[in-house]
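Residue-level structure breakdown
Residues per chain are reported as follows:
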Amino acid sequence: MWEDSLTVFCGIDWAERHHDIALVDDTGTLLAKARITEDAAGYNKLLDLLAEHGDSPDTPIPVAIETSHGLLVAALRSGNRKVFAINPLAAARYRDRHGVSRKKSDPGDALVLANILRTDMHAHRPLPADSELAQAITILARAQQDAVWSRQQVANQVRSLLREYYPAALHAFQAKEGGLTRPDARVILSLAPTPAKAAKLTLAQLRAALKRSGRTRAFDTEAERLRDIFRAEYARQLPAVEDAFGHQLLALLKQLDAACQAADNLAEAVEAAFRQHADSEILLSFPGLGPLLGARVLAELGDDPARFADARALKSYAGSAPITRASGKKHFVGRRFIKNNRLMNAGFLWAFAALTASPGANAHYRRRREHGDWHAAAQRHLLNRFLGQLHHCLQTRQPFDEQRAFAPLLSPLTEQTA
């Protein structure tokens, strides 16, 4: 008969094909160990093993593992069980506490993870209890951001290739919003992948290409502009070399088309899911946050109200709050390097967009610049303030209020202008 008063901790050494399990009690005694496979049978074996040692909906056994995603984690997060994603570097430091020989094994790592919870569970945070919709938004928003980065990476390859043999194309499209990722740029470059073919394009062909790209107005003006650019004098490669570059460009354009389509499709899915969430109205009330950027912020924060103890914890997680290093006579205050990089990336875009959307944010930024901050530091300071306001609004379920958020910085003239 299992003693209900006994506290049990579980550690899992995760791998691609199998996982090693270790269960210890509050004295460090190894209660059980096992190896399970990466399939439904293995997950059921793990849940049965936990149940044998007292796991229940009322008293779930906490689990430590070195990953925060995957089917195994999804199976463990069913119910009220706390799952702790331990950083592999932190786990390696704990391993040194149990021996100096630097030996390592998968069952031994599982035991180390279980003992981390036994001794220092208070120092680690469990995975947040986000809703199903919030988890879906996280997947979609991160995928869309990755697609945007991939799109820009391919566009940079196209740009570098055009510099080798086709400067007219750069002159035609690079200065426009969207650059080489614009639909009209991709359609016309596919139609004329070499300077020789571009110079032969007629106004009728250019107008037709612009219509196929989705352009709705100013066909004649744009067609004339492109014809003049393509027929101007530029340095040229030899004809055979130019044709070879053209084949390479067509191959890259297929990749660019796919990347642009993926980013657009994911953006639609992100916006649709984001607008279904209860927090979307609060996020959209903040200046500088649109559906895509708001979804990225929500994706990294989640919707677990107990995830951050206070606004300072949220700011530290995002990396906007400064960090202090003090020892003896040395005292240093600087920016954080260990942070959620996706949230910080979205935060800088948010703060930049807010400069034109919010008089208070602009006044705050200008004051920081006058104080001596560089642009990035002033942006980070503005983001830090926004995150504090966002935490308050989410906790109190109220929208952003410009006057209350930046009251000391808003002069009567600024208020009237706003």
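Use the structure listed above.
Residues numbered from 1 in each chain as written. Predicted model: local features only at pLDDT ≥ 70, side-chain atom pairs only at ≥ 80, totals over all residues. Heavy atoms only, no water.

Observations concerning the pattern of salt bridges
Rule in force here: The salt bridge definition used is simple: a Lys or Arg side-chain nitrogen within 4 Å of an Asp or Glu carboxyl oxygen. Put simply, DSSP marks the helices as runs of H or I at least four residues long and the strands as runs of E at least two long, and each gets a number from the N terminus on. We call a residue buried when its accessible area falls under 20% of the maximum for its residue type, exposed when it is over 50%, and partly exposed in between, using a 1.4 Å probe and counting protein chains only.
The full count for this structure, using the stated rule, is 15 salt bridges. The salt bridge involving Arg81 is made with Asp55; its shortest N-O contact spans 2.7 Å. Residue Arg81 is found in the loop between helix H2 (71-76) and strand S5 (83-85), and its partner Asp55 is found in the loop between helix H1 (40-52) and strand S4 (63-65); the two are separated by 26 residues along the sequence. What makes Arg81 buried here is its relative accessible area of 11%. The closest approach of N and O atoms between Arg397 and Asp279, which form a salt bridge, is 2.7 Å.

Details of the packing of helix H15 (residues 341-357) against helix H16 (residues 359-371)
Going by this rule: All axes are obtained by fitting lines to C-alpha atoms, using only the stretch in contact for helices, and the reported angles, taken between N-to-C directions, cover 0 to 180 degrees. For classification purposes, angles smaller than 35 degrees are called roughly parallel, those larger than 145 roughly antiparallel, those between 65 and 115 roughly perpendicular, and all remaining angles oblique. The crossing is said to be left-handed when, going from far helix to near helix, the turn is anticlockwise and less than a right angle, and right-handed when the turn is clockwise. The contact criterion used throughout is that any non-hydrogen atoms of two residues lie within 4.5 Å. Polar here means any residue other than Ala, Val, Leu, Ile, Met, Phe, Trp, Tyr, Cys and Pro, which are nonpolar, and Asp, Glu, Lys and Arg, which are charged; Gly is therefore polar.
As a packed pair, H15 and H16 sit with axes 6 Å apart at the nearest point and diverge in direction by 115°. Taken together, H15 and H16 sit at an angle that is classed as roughly perpendicular. Once H15 is placed against H16, the crossing between them reads as left-handed. On the side of H15, the interface is formed by Ala354, Leu355 and Ala357, while H16 contributes Pro359, Ala361, Asn362 and Tyr365. Here the residues of the contact of H15 with H16 are counted per class, giving 6 nonpolar, 1 polar and no charged.

Regarding the pairing of strand S2 (residues 18-25)
This is how it is decided: Think of it this way: DSSP has to see at least two bridges between two strands before they count as a pair.
Counted residue by residue, S2 has 7 buried out of 8 residues, so it is predominantly covered. Across 6 bridges, the pairing between strand S1 (residues 8-13) and S2 is antiparallel. Following the sheet pairing, Phe9 is matched in S2 by Val24. Adjacent in sequence and paired antiparallel, S1 and S2 are bridged by 4 residues.

Concerning the nonpolar core
Our working rule: We call a set of buried residues a nonpolar core when its members are Ala, Val, Leu, Ile, Met, Phe, Trp, Tyr or Cys and they connect through side-chain atoms within 4.5 Å of each other.
Among the nonpolar cores identified, the biggest contains 39 residues, and Phe286, Val297, Trp350, Phe386 and Phe406 are the most heavily contacted of them. In terms of nonpolar packing, the next biggest core, distinct from the first, is built from 33 residues, Leu161, Leu162, Leu201 and Phe219 among them.

Side note on the environment of Phe348
Here Phe348 shows up in helix H15. Assessed through its relative accessible area of 26%, Phe348 is described here as partly exposed. The spacing of Phe348 and Ser320 is 28 residues in sequence and 9.8 Å in space, taken between C-alpha atoms. What Phe348 contacts, discounting residues up to four positions off in sequence, is Ala376, Gln379, Arg380 and Leu383.

Concerning H15
Put simply, the test is: In this scheme, a helix's expected span is set at 1.5 Å multiplied by one less than its residue total. Counting of polar contacts relies on pairs of N or O atoms within 3.5 Å, with two restrictions inside protein: one atom must be capable of donating a hydrogen and the other of accepting it, and residues adjacent in sequence are counted only when both atoms are side-chain atoms.
Over its 17 residues, H15 extends 24 Å from the first C-alpha to the last, a length consistent with the 24 Å expected when each residue adds 1.5 Å. Within the sequence span of H15, burial applies to Leu343, Met344, Ala346, Gly347, Trp350, Ala351, Ala354 and Leu355. At the N-terminal end of H15, a side-chain oxygen is found 3.1 Å from the backbone nitrogen of Arg342, two or three residues along, and the residue is Asn340.

Some remarks on unusual backbone geometry
Positive phi outside glycine occurs at Ala218, with the angle close to 55°. Residue Ala218 is classed as partly exposed on the basis of its relative accessible area, which comes to 38%.

Describing the pairing of strand S3 (residues 30-37)
Pairing analysis gives 7 bridges linking S2 to S3, with the strands arranged antiparallel. Bridging from a neighbouring strand, Ala22 pairs with Lys33 of S3. Hairpin connection of S2 to S3: 4 residues between the antiparallel strands, including Gly28 at a positive phi of 90°.

Side note on the packing of aromatic side chains
Counted only if it meets this: For this analysis, a ring pair means two rings from Phe, Tyr or Trp (six-membered ring only for Trp) whose centres lie within 6.5 Å, classed as stacked if their planes differ by under 30 degrees, edge-to-face if by over 60, and tilted for the remaining angles. Whether a charge lies above a ring is judged from NZ of Lys or CZ of Arg, which has to be within 6 Å of the ring centre and within 35 degrees of the ring normal.
One pass over the structure, following the stated rule, counts 11 aromatic pairs. Seen in terms of ring centroids, Phe286 and Phe400 are 4.8 Å apart; in terms of plane orientation they differ by 40°. Their pairing is tilted. Linking Phe286 in the loop between helix H12 (280-284) and helix H13 (291-301) with Phe400 in the loop between helix H17 (375-396) and helix H18 (402-405), this pair joins segments that are 114 residues apart in sequence. Side by side, Phe286 and Phe400 carry an identical accessibility label, which is buried. Of the aromatic side chains, those joined through ring pairs into one cluster are Phe286, Trp350, Phe386, Phe400 and Phe406. Positioned above the aromatic ring of Phe219 is the side chain of Lys211, whose terminal nitrogen or guanidinium carbon lies 5.5 Å from the ring centre.

Concerning the sheet that holds S4
If you walk across this open sheet you meet the 5 strands as S3-S2-S1-S4-S5, and the pairing is mixed. Each edge of the open sheet is held by one strand with a lone partner, namely S3 and S5. The average angle at which neighbouring strand axes cross in this sheet is 20°, direction not considered. In this sheet, S4 lies alongside S1 in parallel orientation, the contact comprising 3 bridges. Following the sheet pairing, Gly11 is matched in S4 by Ala64. Strands S1, S2 and S3 of the sheet are contacted by H1, whose axis makes an angle of about 165° with S3. Packing against the sheet, helix H4 (residues 106-120) makes contact with S1, S2, S3, S4 and S5, and its axis sits at approximately 140° to S1.

Considering the side chain of Arg368
Following the sequence through the fold, Arg368 ends up in helix H16. At 2.9 Å, the side chain of Arg368 forms a polar contact with the side chain of Asp373. With residues up to four places along the chain from it excluded, the contact list for Arg368 reads Asp373, Ala378 and His381.

Things to note about the environment of Arg296
Position of Arg296 relative to the elements: it lies in helix H13. A relative accessible area of 13% means that Arg296 is categorised as buried. Here the alpha-carbon distance between Arg296 and Val270, two residues 26 residues apart in the chain, equals 9.0 Å. Setting aside chain neighbours within four positions, we find Arg296 in contact with Ala141, Gln144, Gln145, Val148, Asn345, Ala346 and Leu349.

Geometric values such as these leave the question of function open.
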